[in-house]
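Structural overview
Chain by chain, the residues run as shown.
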Amino acid sequence: MRSFHFLLPTEVSFGEGSITRVGQETSRLGRRALVVTGRKSSKRSGALDTVVGSLKKAGVTLEVFDQVEENPSVETVELGSSVARKMGCDVIVGLGGGSPMDAAKGMAVLARLGGSLGDYFGSARITSPVLPVVAVPTTAGTGSEVTPYAVFVDSHKGMKKSVASPYIFPRVALLDPRLTISMPPDVTANTGIDALSHAVEGFISTKAQPASDILALEAVGIIHGHLPQAVAHGDDIEARTKVLYASMLAGMVIAQTGTTLLHGVGYAPTTKYGIPHGLSNGVLMPKVMAFNGSADQERFARLAVALGQRGDATRGTKLAIDAIERLRDEVKMPTRLRDLGIQEKDLEEFARQTMEHTRNLANNIRQVSWEEALQIYRDSY
Ligand SMILES: [Fe+2]
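Residues numbered from 1 in each chain as written. Predicted model: local features only at pLDDT ≥ 70, side-chain atom pairs only at ≥ 80, totals over all residues. Heavy atoms only, no water.

Moving on, we come to the coordination of the iron ion. Protein-derived coordination of the iron ion comes from Asp 194 (OD), His 198 (NE2), His 263 (NE2) and His 277 (NE2), at a distance range of 2.1 to 2.3 Å. Coordination geometry of the iron ion: the four donor atoms subtend angles of 84 to 168° at the metal centre, consistent with an arrangement described as irregular. (Donors = N, O, S within 2.8 Å, 3.2 Å for Na, K, Ca; no water. Tetrahedral: all angles 85-135°; square planar, octahedral: opposite > 155°, others 65-115°.)

The following block contains the structure:
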């Protein structure tokens, strides 16, 4: 067996009602909290009120920063960190989807270490502890509650930039399936497919390892089995619980393996057109899998089995791709870049941006050139 390193310093608490413990958990880490959330959904669902009530009950002083947009900008994170500094914040609560949780991580870095967010882009640029983060996901997809990554939009360059460091693993993740009930069907589908892409990419990554493989295959099977029900019947708490659990497992996978070519090609359409991250990944996934398929048929055959397919192992890649295309149809996801309003003339620029995501490309089992990245976009158009 190949040797490996597995790091997961986040304390996980999973189950219905776990949100009510956010005050108690946060008060172990600090006394002055900045609650970082999006502009609408956590207010509409009542989750923000529950978090604020729980924090107050535990004697935690707090301020709410509710200006995080989808695909959070560097400016938003810098604004939030200045609020955190002014209030003497010693713990940050990230409540929402991937955007608020990633923004919370960025603010935890800047509020403790200073500087600008650009100083920390890349990996290993953070060399000492940051403020502790309590992550409370309200979507089931990003897995950010258990990862050492945060992704931001650098508006000067018009592209996504990420921060990767063991110091930005949340200290506590509270996963309450009830918080995901209010997600509309399209958001459920997009975020669920993001989780699927994490599991698939982690399993096919050059950094795949025995322990993360188990988590990846389990996550793939659960998403395949339960995402359609969570999309069609959003109030089915059992389906919601399963998908949130799988999303967390997939987050634990990429925390070890990183993401690969699919996230590399998936970022560009989200930045220029504001397309949701999971939707972009979902549209591009089959063609990326087809590109990678020849590099490791055996892995794709195992993936096909996790997707409920039985058949000739030499056809593993095709079986896995067919199963994912059927799942995508079941959750009513668009299947072509042209259906998302993207103009064909942008594809060359998308391919250029892909080549800048060098960490994603290094994790991919097959080297990709600009021309090949462009072909993936064209084939998905
Ligand atoms: Fe993702």
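Moving on, we come to the nonpolar core. If you look at the biggest cluster of nonpolar residues, it comprises 68 residues, and the most contacted ones within it are Leu 196, Leu 303, Leu 337 and Tyr 377. Two domains share this core, each providing at least three of its residues, namely domain 1 (11–179) and domain 2 (183–379). Not counting chain neighbours up to four residues away, the residues in contact with Leu 337 comprise Val 283, Leu 284, Ile 342, Leu 347, Tyr 377, Ser 380 and Tyr 381. Formed by 28 residues, the second largest nonpolar core is a distinct cluster that contains Phe 65, Cys 89, Leu 117 and Val 130. (Core = buried A, V, L, I, M, F, W, Y, C linked by side-chain atoms within 4.5 Å. Buried < 20%, exposed > 50% of the residue type's maximum accessible area, 1.4 Å probe, protein only. Domains from an automatic or database assignment. Contact = heavy atoms within 4.5 Å.)

The next subject is the packing of aromatic side chains. Applying the stated criterion to the full structure yields three aromatic pairs. Taking 6.0 Å as the distance between ring centres and 80° as the angle between the ring planes, the aromatic pair formed by Phe 14 and Tyr 245 counts as edge-to-face. Residue Phe 14 is located in strand β1 (residues 11–14), and its partner Tyr 245 is located in helix α8 (residues 237–257); the two are separated by 231 residues in the primary sequence. Residue classification places Phe 14 among the partly exposed positions, given a relative accessible area of 33%. Taking the centre distance of 6.4 Å and the plane angle of 90° together, the rings of Tyr 273 and Phe 350 count as edge-to-face. Separated by 77 residues along the polypeptide, Tyr 273 in helix α9 (residues 261–273) and Phe 350 in helix α13 (residues 347–356) bring together distant segments of the chain. Judged by relative accessible area, Phe 350 falls into the buried class, the value being 1%. Ring pairing ties together the aromatic residues Tyr 273, Phe 350 and Tyr 377, which thus form one cluster. (Phe/Tyr/Trp six-rings, centres within 6.5 Å; stacked < 30°, edge-to-face > 60°. Helix = DSSP H or I, 4+ residues; strand = E, 2+ residues; numbered from the N terminus.)

The next thing to look at is the domain arrangement of the protein chain. Per the domain assignment, the segments of the protein chain are domain 1 (11–179) and domain 2 (183–379). The C-alpha centroid of domain 2 is placed 25 Å from the C-alpha centroid of domain 1. In this assembly, 31 residues from domain 1 lie in contact with 28 residues from domain 2. Three residues stand out in domain 1 for area buried against domain 2, namely Ala 140, Met 159 and Lys 160, and they jointly supply 24% of the buried area on that side. A salt bridge links Glu 356 to Lys 157; its shortest N-O distance comes to 3.6 Å. (Buried area = accessible area lost by both parts, 1.4 Å probe. Salt bridge = Lys/Arg side-chain N within 4 Å of Asp/Glu carboxyl O.)

Read across the open sheet, the six strands follow the order β1-β9-β6-β4-β2-β3; overall the sheet is parallel. Only two strands of the sheet have a single partner each, and these edge strands are β1 and β3 (61–68). Neighbour-to-neighbour, the strand axes of this sheet turn through a mean angle of 15°, independent of strand direction. Relative to β3, strand β2 (residues 32–38) runs parallel, the two being bridged by six bridges. Within β3, the residue paired with Val 36 across the bridge is Phe 65. Of the strands in this sheet, β2, β3 and β4 (91–96) are in contact with helix α3 (residues 47–57), which crosses β3 at around 160°. Together, β1 and β9 (172–175) form the strand contacts of α8, whose direction differs from that of β1 by roughly 170°. (Pairing = 2+ DSSP bridges. Axes fitted to C-alpha atoms, helices over the stretch in contact; angles between N-to-C directions.)

This part is about the pairing of strand β6 (residues 133–137). Counting buried positions along β6 gives five out of five residues, so the element sits mostly inside the fold. With five bridges joining them, β4 and β6 adopt parallel strand pairing. The residue bridging Gly 94 from the neighbouring strand is Ala 135, located in β6. In the sheet, β6 pairs with β9 via two bridges, with the strands oriented parallel. Bridge pairing links Ala 135 to Ala 173 in β9.

Attention shifts here to the pairing of strand β8 (residues 159–164). In terms of strand pairing, strand β5 (residues 122–123) meets β8 through two bridges, oriented parallel. Paired with Ser 123 across the bridge in β8 is Ala 164. Inspection of the sheet shows strand β7 (residues 149–154) paired to β8 by six bridges, in the antiparallel sense. In the strand pairing of β8, Asp 154 is matched with Met 159. What sits between the antiparallel neighbours β7 and β8 is a turn of four residues, in which Gly 158 has the positive phi angle 65°.

This brings us to the sheet that holds β5. In space, the three strands of this open sheet follow the order β5-β8-β7, with mixed pairing throughout. Two strands bound the open sheet, and with one partner strand each, they are β5 and β7. Across the sheet, α9 is in contact with β7 and β8; its angle to β8 comes to roughly 125°.

Moving on, we get to the pattern of salt bridges. Opposite charge on two side chains lets them pair, provided their charged atoms get close. Tallying each qualifying case throughout the model produces 15 salt bridges. Between Glu 16 and Arg 178 there is a salt bridge, with its nearest N and O atoms 3.0 Å apart. Taken together, the positions of Glu 16 in the loop between β1 and α1 (22–27) and Arg 178 in the loop between β9 and α6 (185–204) put the pair 162 residues apart, joining distant regions of the chain. One salt-bridge network, held together by shared partners, links Glu 11, Arg 21, Glu 25 and Arg 28.

With that out of the way, let us pick up a nonpolar patch on the surface. Nonpolar side chains collect at one region of the surface, where Met 1, Phe 4 and Phe 6 lie side by side and expose about 370 Å² of accessible area between them. Looking at where Phe 4 falls in the secondary structure, it is placed in the segment before β1. Relative accessible area serves as the criterion here: at 40%, Phe 4 is assigned to the partly exposed category. (Patch = residues over 30% accessible without salt bridge, like charges linked within 9 Å, V, L, I, M, F, W, Y side chains within 5 Å. Areas by Shrake-Rupley, 256 points an atom, 1.4 Å probe, with all protein chains shown as cover.)

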